[in-house]
Amino acid sequence: MKKFEVKIYYSGFCSYEIEAENEEDAILKARKLAINKNEILSNLENWKEADIANEIENEKIKKQNSF
């Protein structure tokens with residue numbers, strides 16, 4: 001068996017009501033606000049195309065040296 005470091009990516013969002021002069025200003029203001037962790041957790045979706053797995057190289061070396 002091999003060991004891997006795996007990163008699973010998710011997409012999510014938080015909704016804010018912002019008063020601003022224009023869309024760009026509203027986005028900039030919203031980016032400065034705290035993340036609502038409850039909302040983010042409720043709308044997470046797996047982003048399968050971004051998931052990666054990398055074999056842990058130290059495990060290969062350990063196995064080779066143990067023989």
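Residues with a pLDDT of 70 or more make up 87% of the chain, whose mean pLDDT is 88. Per-element confidence in the chain ranges from a low mean pLDDT of 60 for helix H3 (residues 57–65) to a high of 96 for helix H1 (residues 23–31).

Before going further, it helps to spend a moment on the side chain of Asn-43. Following the sequence through the fold, Asn-43 ends up in the loop between helix H2 (37–42) and strand S3 (45–46). A distance of 3.0 Å separates a polar atom in the side chain of Asn-43 from the backbone oxygen of Glu-39.

The next thing to look at is the pattern of salt bridges. Evaluation of the coordinates by the stated rule reveals 1 salt bridge. Here Asp-25 ties to Lys-29 by a salt bridge, and the two come within 3.8 Å at their closest N and O atoms. Note that Asp-25 and Lys-29 are positioned in helix H1 at a spacing of 4 residues, about one turn of the helix.

Rules of the game
Residues numbered from 1 in each chain as written. Predicted model: local features only at pLDDT ≥ 70, side-chain atom pairs only at ≥ 80, totals over all residues. Heavy atoms only, no water. pLDDT = per-residue confidence, 0-100. Helix = DSSP H or I, 4+ residues; strand = E, 2+ residues; numbered from the N terminus. Polar contact = N/O pair within 3.5 Å; in protein donor to acceptor, adjacent residues only side chain to side chain. Salt bridge = Lys/Arg side-chain N within 4 Å of Asp/Glu carboxyl O.

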